[in-house]
Amino acid sequence: MGMIHTTAILNKALNRVILSEAEILHLLQLSDSVLRQQLFATARLQRQRYFGNKVFMYGFVYFSTYCRNNCVFCYYRKTNSEPARYRKSIGEIVEIASSLAESGVHLIDLTMGEDPKFLANGPVGYRELINIVKEVKKATNLPIMISPGLVPKDVLQELKVAGADWYACYQETHSRNLFHSLRLQQSYDERWSAKVFAKTIGLLVEEGLLVGVGNSDRDTVHSLLEMKKLGAEQVRTMTFVPQKGTPLYGSKTNENVQEINIIAVMRLLFPDRLIPASLDVEGVAGLKERLNAGANVVTSIIPPESGLMGVSQSTLDISEGYRTVKGVMPILKECSLMPATSEEYKSWLNERLGADARGAALCE
Ligand code: SAM
Ligand code: MD0
Ligand code: SF4
């Protein structure tokens with residue numbers, strides 16, 4: 001057992017042999033530092049095989065912090081009076097996105113709370129949202145990710161036509177009871193089927209796991225298998241950060257061991273997919289650890305003085321300008337990594353879409 005067992009599992013993963021649930025659980029639960037380092041080294045080797053030393057950088061534009069929902073973990077839940085909420089104008093959004101594009105990001109992530117102005121205002125609201133995507137595309141010509149929460153299928157379709165490439169919508173957990181205790185009064189199935197539908201119309205999909213909120217390691221194994229079923233092109237995990245003014249504020253701050261192990265296991269189970277290292281959990285100080293666990297996308301890059309906030313770290317490292325392409329460059333270097341070119345990112349997207357379409361055709 002111990003070292004020999006772990007090495008055997010890692011060798012299987014390197015050879016892309018499908019791991020059993022017990023083997024995945026074993027890797028997720030590694031706590032010995034030597035064995036964890038072995039896991040991370042294997043994850044880096046897999047990343048190197050599929051992506052070389054190139055990483056992608058995502059600009060984050062949280063353009064509205066109004067929300068109709070009441071997710072228990074979230075700072076921006078409807079009933080929290082703490083956040084100073086804002087809604088950026090279309091002009092401001094385009095300007096911020098353009099400055100991000102100029103700074104060298106590969107993608108613009110347009111994120112909002114489930115703002116009723118856009119989602120509960122009939123066709124007028126949807127039209128405005130669609131227009132934001134159109135204008136940002138026109139101004140930057142970069143790939144666009146939309147993170148607007150749950151939106152109707154026909155609107156997703158129109159968002160795609162307007163220039164969206166990715167739909168990000170995180171289930172957080174794939175255990176229904178836990179889902180309902182986190183995303184209060186939301187439908188598990190609607191959230192899931194929005195992603196399934198998005199894939200059928202050629203949107204790339206990002207799925208996400210929130211950890212440190214009552215999930216067991218077995219729940220995590222189940223989630224990873226569900227993510228595989230979905231065929232998400234990008235998979236992420238973030239440690240829960242307790243938020244002022246919310247029910248879980250008093251709970252102890254979680255250590256990041258779970259998240260870091262999951263990032264590495266994701267790299268082994270989804271070697272050719274994108275896996276973020278989010279600056280929104282531990283800021284720049286946590287970037288190296290996430291990259292060294294096999295992540296290959298730096299997310300939550302936010303221009304200083306834009307007045308924009310992060311989600312789980314609303315202000316950390318932003319005004320100092322650390323959450324920028326320039327700010328993270330020294331860390332990439334320390335990890336022997338470098339940013340890809342925009343062309344490399346776009347060609348990855350095209351190849352992925354092509355492979356997905358061939359896969360879908362085979363299933364018919
Ligand atoms: N409102 C949209 C939605 O919920 O899909 C888009 C916002 S999305 C960027 C919000 C994501 O950030 C959540 O799905 C969750 O995974 C993550 N998040 C929110 N609050 C968090 C917290 N306190 N700690 C860690 N992650 C958090
Ligand atoms: C991030 N703060 O990448 C962002 C956000 C939404 N698509 C992403 C959670 O960490
Ligand atoms: Fe709203 Fe999204 Fe926060 Fe839930 S996670 S409260 S939907 S902003």
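The structure we're discussing is the one just above.
Every residue gets a number counted from 1 within its own chain, in the order that chain's sequence is written. As a convention, the first chain written is A and the first ligand written is 1, with the rest following in written order. Where totals are concerned, whole chains, interfaces and linings use all residues; where local detail is concerned, this predicted model gives features only for residues with pLDDT of at least 70, and gives and counts side-chain atom pairs only at 80 or more. Computation of side-chain values: all heavy atoms of the structure, hydrogens and water removed.

1. What to know about the overall build of the protein
Then comes step 1: Runs of E in the DSSP output that reach at least two residues are strands. Runs of H or I that reach at least four are helices, and both are numbered from the N terminus. Each helix and strand counted, the protein has 15 helices and nine strands in total.
Then comes step 2: Restricting the calculation to C-alpha atoms gives the radius of gyration, and the globule rule supplies 2.2 Å times the number of residues raised to the power 0.38. The C-alpha radius of gyration of the protein comes to 19 Å, within 12% of the 21 Å expected for a compact globule of 364 residues.
Then comes step 3: The buried share among the 364 residues of the protein stands at 57%.
Then comes step 4: Any two residues whose heavy atoms approach within 4.5 Å are treated as being in contact. For the protein, the proportion of contacts with a sequence separation of at least 24, taken over those separated by at least 6, is 72%.
Then comes step 5: Where accessible areas are quoted, they stem from the Shrake-Rupley method and a 1.4 Å probe; at the residue level, only the protein chains shown are allowed to cover. Carbon and sulfur atoms provide 54% of the accessible area of the protein, an area that totals close to 15,200 Å².
Then comes step 6: We treat Lys and Arg as the positive residues and Asp and Glu as the negative residues; His and chain ends play no part in the count. In plain terms, the charge of a residue is placed at NZ if it is Lys, CZ if Arg, CG if Asp and CD if Glu. One way to put it: in the protein the 41 positive side-chain charges average out to a point 2 Å from where the 39 negative ones average out. Only protein chains enter the accessibility calculation, which uses a 1.4 Å probe; a residue is then buried when its area is under 20% of its type maximum, exposed when over 50%, and partly exposed in between.

2. A word on empty space enclosed by the protein
The rolling of a water-molecule-sized probe over the atoms marks out the regions of remaining empty space.
Then comes step 1: The distinction between a cavity and a pocket rests on a 1 Å grid over the protein atoms alone: a 1.4 Å probe fits inside a cavity but cannot get out, while a pocket stays open yet meets protein on both sides within 12 Å along at least five of seven lines, and a residue with an atom within 4 Å of a point counts as lining. Grid points are joined across faces, edges and corners, and a volume is the space filled by probe spheres set on the points. Within the structure shown, the criterion is met by three cavities of 30 Å³ or more.
Then comes step 2: Approximately 740 Å³ is the volume attributed to the largest cavity.
Then comes step 3: If you list the elements that add at least two residues to the lining of the largest cavity, you get strand S1 (54-64), strand S2 (107-112), strand S3 (144-147), strand S5 (204-211), strand S6 (234-239) and strand S8 (297-301).
Then comes step 4: Here the residues of the lining of the largest cavity are counted per class, giving 21 nonpolar, 14 polar and eight charged.
Then comes step 5: Quantified by volume, the second largest cavity comes out at close to 40 Å³.
Then comes step 6: In terms of lining, the second largest cavity is formed by Phe63, Leu110, Leu129, Ile132, Val133, Ile146, Pro148 and Leu159.
Then comes step 7: With three residues, the top contributor of residues to the lining of the second largest cavity is helix H6 (residues 122-140). Here the nonpolar group is Ala, Val, Leu, Ile, Met, Phe, Trp, Tyr, Cys and Pro; Asp, Glu, Lys and Arg are the charged ones; every other residue, Gly included, is treated as polar.

3. Considerations on the site of ligand 1
Then comes step 1: Whether a residue is near a molecule or strand depends on its heavy atoms: it is near if one of them lies within 4 Å of it. Taken together, 19 residues lie around ligand 1, and Phe73, Glu172, Arg183, Arg191 and Val241 are the ones closest in.
Then comes step 2: What qualifies as a polar contact is a pair of N or O atoms within 3.5 Å, subject to a donor-acceptor requirement within protein and to the restriction that residues adjacent in sequence count only when both atoms come from side chains. Between a nitrogen atom of ligand 1 and a main-chain N or O atom of Phe73, the distance comes to 2.9 Å.
Then comes step 3: Contact distances for ligand 1 include 2.9 Å between an oxygen atom and a side-chain N or O atom of Arg183.
Then comes step 4: When the free accessible area of ligand 1 is taken as 560 Å², the share hidden by the protein chains comes to 93%.

4. Side note on the side chain of Ser223
Then comes step 1: Turning to its location among the elements, Ser223 is positioned in helix H10 (residues 217-230).
Then comes step 2: With sequence-adjacent residues up to four places away left out, Ser223 is seen in contact with Thr173, His174 and Leu209.

5. Thoughts on the packing of helix H1 (residues 3-14) against helix H2 (residues 21-28)
Then comes step 1: To define axes, lines are fitted to C-alpha atoms, for helices over the stretch in contact only, and angles between the resulting N-to-C directions are given on a 0 to 180 degree scale. Running from N to C, H1 and H2 cross one another at 115 degrees; their axes reach a closest spacing of 10 Å. Our classification of the angle between H1 and H2 gives roughly perpendicular. Both H1 and H2 take part in a crossing whose hand is left-handed. Contacts between H1 and H2 pair His5, Thr6, Ile9, Leu10 and Lys12 from the former with Glu23, His26 and Leu27 from the latter.
Then comes step 2: Looking at the contact of H1 with H2 residue by residue, the class counts come to three nonpolar, three polar and two charged. Oblique is the label for every angle not falling under 35 degrees (roughly parallel), over 145 degrees (roughly antiparallel), or within 65 to 115 degrees (roughly perpendicular). Helix crossings get a hand from a simple test, with the near helix turned counterclockwise from the far one by less than a right angle marking a left-handed crossing and a clockwise turn marking a right-handed one.

6. Notes on the pairing of S3
Then comes step 1: The side-chain alternation of S3 yields two buried faces, one formed by Ile144 and Ile146 and the other by Met145 and Ser147.
Then comes step 2: For two strands to be treated as a pair, DSSP must find no fewer than two bridges joining them. In this structure, S2 lies alongside S3, joined through four bridges in parallel fashion. Bridge pairing in S3 places Leu110 opposite Ile146.
Then comes step 3: When S3 meets strand S4 (residues 166-168), the two strands line up parallel, connected through two bridges. Paired with Ile146 across the strands is Tyr167, a residue of S4.
Then comes step 4: Chirality of the crossover, the property in question, places the unit of S3, helix H7 (residues 153-162) and S4 among those that are right-handed. Handedness of a crossover is defined as follows: orient the strands so they point away from the viewer, and if the path from the first strand over the helix to the second runs clockwise, the crossover is right-handed.

7. Quick word on the site of ligand 3
Then comes step 1: Near ligand 3 the following residues occur: Tyr62, Cys67, Asn69, Cys71, Phe73, Cys74, Arg77, Gly113 and Arg183.
Then comes step 2: Assignment of a molecule to a cavity or pocket requires that more than half of its atoms lie within 2 Å of the corresponding grid points. If you map ligand 3 onto the pockets, it falls in the largest cavity.
Then comes step 3: Looking at side-chain class alone, the shell around ligand 3 contains five nonpolar, two polar and two charged residues.

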